[in-house]
Protein chains: 2
Amino acid sequence: MTDLHRQVDERLRARDQRYTESRRQIVDALAANSGPVTLPTLLASAPSLAQSSAYRNLSVLEEAGIVRRLVHGADHAFYELAEDLTGHHHHLVCERCGSVQDFTLGARVEQSLDEAIDDLVRAKGFAARHHAIDIFGLCADCS
Amino acid sequence: MTDLHRQVDERLRARDQRYTESRRQIVDALAANSGPVTLPTLLASAPSLAQSSAYRNLSVLEEAGIVRRLVHGADHAFYELAEDLTGHHHHLVCERCGSVQDFTLGARVEQSLDEAIDDLVRAKGFAARHHAIDIFGLCADCS
DNA sequence: TTGCTTGCAAATGATTTGCACTGCT
DNA sequence: AGCAGTGCAAATCATTTGCAAGCAA
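Residues numbered from 1 in each chain as written. Chains lettered and ligands numbered in written order. Predicted model: local features only at pLDDT ≥ 70, side-chain atom pairs only at ≥ 80, totals over all residues. Heavy atoms only, no water.

Draft legend 1. The arrangement of the relation of the copies chain A and chain B in detail. Screw-axis analysis of chain A against chain B gives a translation of 0.0 Å along the axis, an RMSD of 0.0 Å, and a rotation angle of 180°. Taken together, the turn and the small shift mark the pair as related by a two-fold rotation axis. Residue I133(A) of chain A places its C-alpha closer to the rotation axis than any other residue of that unit, at 2.3 Å. Same-surface contact between copies: 100% of interface residues of chain A are shared with the interface of chain B. (Least-squares fit on C-alpha atoms with pLDDT ≥ 70 in both. Contact = heavy atoms within 4.5 Å.)

Draft legend 2. Spotlight on the nonpolar core. The biggest cluster of nonpolar side chains holds 32 residues, and the ones touching the most others in it are L105(A), L113(A), I135(A), L105(B), L113(B) and I135(B). Mapped onto this core, the elements with two or more residues apiece are strand 4 (90-94), helix 6 (107-124) and strand 6 (127-138) of chain A together with strand 4 (90-94), helix 6 (107-124) and strand 6 (127-138) of chain B. In this structure L113(B) touches L105(A), V109(A), I133(A), H131(B) and I133(B), once residues within four positions along its chain are discounted. (Core = buried A, V, L, I, M, F, W, Y, C linked by side-chain atoms within 4.5 Å. Buried < 20%, exposed > 50% of the residue type's maximum accessible area, 1.4 Å probe, protein only. Helix = DSSP H or I, 4+ residues; strand = E, 2+ residues; numbered from the N terminus.)

Draft legend 3. Seen up close, the sheet that holds strand 2 (residues 67-70) of chain B. Residue and element names in this part refer to chain B. Pairing within the open sheet is antiparallel, and its three strands lie in the order 1-3-2. Of all the strands in the sheet, just strand 1 (37-38) and strand 2 have a single pairing partner and so form its edges. Here strand 2 pairs with strand 3 (residues 78-81) via four bridges, running antiparallel. Its bridge partner being in strand 3, L70 is matched across the sheet by F78. (Pairing = 2+ DSSP bridges.)

Draft legend 4. Main features of the interface of chain A and chain B. Between chain A and chain B, the residue contacts involve 36 residues of the former and 36 residues of the latter. Roughly 3,100 Å² of surface becomes buried between chain A and chain B when both sides are summed, with 67% attributable to carbon and sulfur atoms. Contact with chain B buries surface across chain A, with K124(A), F126(A) and I135(A) losing the most and accounting together for 18% of the total. For the pair chain A and chain B, the interface holds two salt bridges. Linking E95(A) and R129(B) is a salt bridge whose minimum nitrogen-to-oxygen distance equals 2.9 Å. Here chain A and chain B share twelve residue pairs in polar contact (both at pLDDT 80 or more) between them. Contributing elements (two or more residues each) for the side of chain A that touches chain B: strand 4, strand 5 (100-103), helix 6 and strand 6 of chain A. (Buried area = accessible area lost by both parts, 1.4 Å probe. Salt bridge = Lys/Arg side-chain N within 4 Å of Asp/Glu carboxyl O. Polar contact = N/O pair within 3.5 Å; in protein donor to acceptor, adjacent residues only side chain to side chain.)

Draft legend 5. Spotlight on the domain arrangement of chain A. Residue and element names in this part refer to chain A. For chain A, the domain assignment lists domain 1 (1-87) and domain 2 (88-143). The centre of domain 1, based on its C-alpha atoms, is set 22 Å off from the matching centre of domain 2. Each side of the interface is counted separately: domain 1 has eleven residues, and domain 2 has eleven residues. Note on domain 1 versus domain 2: buried area summed over both sides is about 890 Å², and carbon and sulfur give 51% of it. Contact with domain 2 buries surface across domain 1, with R68, H72 and E83 losing the most and accounting together for 48% of the total. Seen at the junction of domain 1 and domain 2, the total is zero salt bridges. Seen at the junction of domain 1 and domain 2, the total is six residue pairs in polar contact (both at pLDDT 80 or more). Mapped onto the side of domain 1 that touches domain 2, the elements with two or more residues apiece are strand 2 (67-70), strand 3 (78-81) and helix 5 (83-86). Across the side of domain 1 that touches domain 2, the residue classes tally to three nonpolar, five polar and three charged. (Domains from an automatic or database assignment. Nonpolar A, V, L, I, M, F, W, Y, C, P; charged D, E, K, R; others polar.)

Draft legend 6. Just the sheet that holds strand 1 (residues 37-38) of chain A, in detail. All names here are of chain A. Across the sheet, which stays open at both edges, the three strands sit in the order 1-3-2 with antiparallel pairing between neighbours. Two strands in the sheet have a free side with no partner beyond their single neighbour: strand 1 and strand 2. Relative to strand 3, strand 1 is paired through two bridges, and the arrangement is antiparallel. Note that in strand 3 the partner of T38 across the bridge is F78. Lying over the sheet, helix 2 (residues 21-32) contacts strand 1, strand 2 and strand 3, oriented at roughly 90° with respect to strand 3. (Axes fitted to C-alpha atoms, helices over the stretch in contact; angles between N-to-C directions.)

Here it is as structure tokens:
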């Protein structure tokens, strides 16, 4: 059992949930992909899963802080492993084909951004949990 | 006729579309609100509009670059005037009540971010059109 | 046994679309 | 007249949910 699976198992147990075979398949499929995937893509990677179970399990995994759900206006939502399992990153979103690709920013930029956000959020009385940067445009294949 | 209406009219004409009373009502409602609004909110501001017409007109306005549509996972999408009509800004998204609030970052931070993004995007062959920063958490009312 | 999980089929609900009608131009 | 815009009702489609059966503790 890999370290990833151990962490997932732990978080599910903490919420009195079992780490079933279906859930393991979902986590494997998400870990295998380089970026966020849609439900149809996910089902293609784990053909034995029922669609409704996939949705249900993704929502359990999301509540347990294992999976993050992204919505960018395309038909389907995208799913990826939570940042604390894979590392902080952001997304390039193709406005034509809807694909989503990960990227990271240098520590310097992230830090100055964090500081600016801290100030702002304090002034507004907003309790920030995380931030996301999306870059919209055309991916290499579409442009 | 205000400057805003003049600009909208111009962009619609450029696409052979008319600036009708319904569309004007939508633009007024969006301009009157401080942040992005959902369709139900919009309809409340312009009760004589049919729901389907509101959706149809918003999509026309979006294609003409007058309106921007935001999707953040809540039930409804949010709509706001395009940034080149109102100025560059970002969003605080409340994870409990789903409300969305605008904010701006200092020029220094925006600039260092722009530079980082330029480099990145060039390396990936991605044609960037715009970026968005979303901060997720709990708004002042919900926390 | 008890209760979490699953798969199937049916429901939900935001958004889109067909169609007939109204109103610019 | 000719065609864009509108409202109503019906369709679409991702996602959610009810329910009966399977399975782990």
